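# Coordinate analysis (summary)
So you can see what is in the structure, the chains are spelled out below.
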Amino acid sequence: MSGQTPPPGPVAGILLAGGLGRRMGGGDKPLRTLGGRRLIDWSIERARAQTDVLVLNANGDPVRFAEFGLPVVADAVPDYAGPLAGVLAGMEWARIQGPEWRWIATFATDAPFVPLDLVARLAAAVAEEGADIGRAASGGRAHPVFALWPVRLADDLRRAMVEEEMRKIDAWTARYGVVDVEWPVDPLDPFFNVNRPDDLAAAEAALPLMR
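Reference entry: report on the structure contained in this document. (Residues numbered from 1 in each chain as written. Predicted model: local features only at pLDDT ≥ 70, side-chain atom pairs only at ≥ 80, totals over all residues. Heavy atoms only, no water.)

### Quick notes on the overall build of the protein
- Helix and strand content of the protein: six helices and nine strands.
- In terms of overall size, the protein behaves like a compact globule, its C-alpha atoms giving a radius of gyration of 16 Å where 211 residues would be expected to give roughly 17 Å.
- Dimensions of the protein along its principal axes, counting C-alpha atoms only, are 45 × 40 × 30 Å.
- Per-residue burial for the protein yields a buried fraction of 51% across its 211 residues.
- Partitioning the contacts of the protein with sequence separation of at least 6, the portion at a separation of at least 24 is 70%.
- When the accessible surface of the protein is totalled, it reaches about 9500 Å², and 52% of it is carbon and sulfur.
- Computed over 22 positive and 28 negative side-chain charges, the inter-centroid distance for the protein is 2 Å. (Helix = DSSP H or I, 4+ residues; strand = E, 2+ residues; numbered from the N terminus. Rg over C-alpha atoms; globule rule 2.2 N^0.38 Å. Buried < 20%, exposed > 50% of the residue type's maximum accessible area, 1.4 Å probe, protein only. Contact = heavy atoms within 4.5 Å. Areas by Shrake-Rupley, 256 points an atom, 1.4 Å probe, with all protein chains shown as cover. Lys, Arg positive; Asp, Glu negative; His and termini not counted. Charge placed at Lys NZ, Arg CZ, Asp CG, Glu CD.)

Here's what the structure looks like:
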């Protein structure tokens with residue numbers, strides 16, 4: 001562990017939408033509709049409430065996301081290298097903005113129920129434990145795409161992805177101090193994600209339980 005704690009300053013929220021959505025039948029999964037709104041609308045609303053700026057990580061033509069008015073950054077390495085590439089893209093975007101942007105928080109865009117206290121609780125846990133990375137968990141299972149990351153690890157992550165062809169989040173984060181923060185799953189797992197068409201129906205049924 002680094003012993004560093006989150007400094008005062010802004011946190012950039014990175015909305016991860018760089019996948020191919022194969023289990024959903026392909027296309028832009030975040031644009032699927034839930035409760036009369038698109039999945040990405042739910043993500044933007046809940047992430048915006050707890051970060052200082054939002055950035056969309058998406059590949060392909062960024063024009064299809066123009067209506068959201070967000071900066072769009074593609075994966076930092078080619079060939080759809082998975083969410084770790086989106087984490088790196090977010091880190092490098094933040095670093096370009098200036099030295100005050102020392103932390104990013106990542107959010108999957110297929111999880112409409114993400115807790116509104118995600119960033120605050122992760123930051124508090126990182127500070128208390130002196131950890132490098134704060135990671136969400138629920139039901140005894142970690143959710144590595146919902147995490148608080150220090151921008152100072154950008155060069156380490158790029159080297160791992162390019163020189164070692166690192167692709168698995170857990171394999172890379174195992175090199176650092178990670179603290180897990182647990183959320184209850186009753187009455188609703190806040191990290192429920194929509195991977196398949198059937199999941200949309202389940203999410204629709206769960207909307208009244210959203211906190």
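### Details of the nonpolar core
- Counting 31 residues, the largest nonpolar core has Leu-15, Leu-56, Phe-107, Leu-118 and Phe-146 as the members making the most contacts within it.
- When contributions to this core are tallied by element, the ones reaching two or more residues are strand S1 (11–16), helix H1 (39–48), strand S4 (53–57), strand S6 (103–108), helix H3 (118–129), strand S8 (141–150) and strand S9 (178–183).
- Residue contacts for Leu-15: discarding those within four places in its chain leaves Ser-43, Ile-44, Ala-47, Leu-54, Val-55, Leu-56, Asn-57, Leu-70, Phe-107 and Thr-109.
- The next biggest cluster of nonpolar side chains, apart from the first, holds 29 residues, and it includes Ala-81, Val-87, Met-91 and Trp-149. (Core = buried A, V, L, I, M, F, W, Y, C linked by side-chain atoms within 4.5 Å.)

### A look at the pattern of salt bridges
- Within this structure, the stated rule accounts for eleven salt bridges.
- The salt bridge partner of Arg-159 is Asp-156, with a shortest N-O separation of 2.4 Å. Separated by three residues within a single helix, Arg-159 and Asp-156 lie in helix H4 (residues 154–163), roughly one turn from each other.
- In this structure Asp-156 comes out as partly exposed when scored by relative accessible area, which is 28%.
- Residue Glu-164 pairs with Arg-175 through a salt bridge whose shortest N-O separation is 2.4 Å. Here Glu-164 is found in the loop between H4 and helix H5 (169–173), whereas its partner Arg-175 is found in the loop between H5 and S9, with eleven residues between them in sequence.
- The class of Arg-175 is partly exposed, set by a relative accessible area of 43%.
- Residues joined by salt bridges that share partners form a network here, namely Arg-38, Asp-41 and Glu-67. (Salt bridge = Lys/Arg side-chain N within 4 Å of Asp/Glu carboxyl O.)

### Quick look at the environment of Trp-93
- Note on placement: Trp-93 falls in helix H2 (residues 83–97).
- Classification of Trp-93 as buried rests on a relative accessible area of 14%.
- Residues Trp-93 and Ala-154 lie 61 residues apart in sequence; the distance between their C-alpha atoms is 9.9 Å.
- With residues near it in sequence (within four places) discarded, Trp-93 still touches Ala-12, Val-53, Val-55, Pro-71 and Val-73.

### Here we look at H1
- Most of H1 is tucked away: eight of the ten residues are buried.
- Every buried residue of H1 is listed here: Leu-39, Ile-40, Asp-41, Trp-42, Ser-43, Ile-44, Arg-46 and Ala-47.
- Taken together, the buried residues of H1 touch S1, strand S2 (33–34), strand S3 (37–38), S4 and S6.

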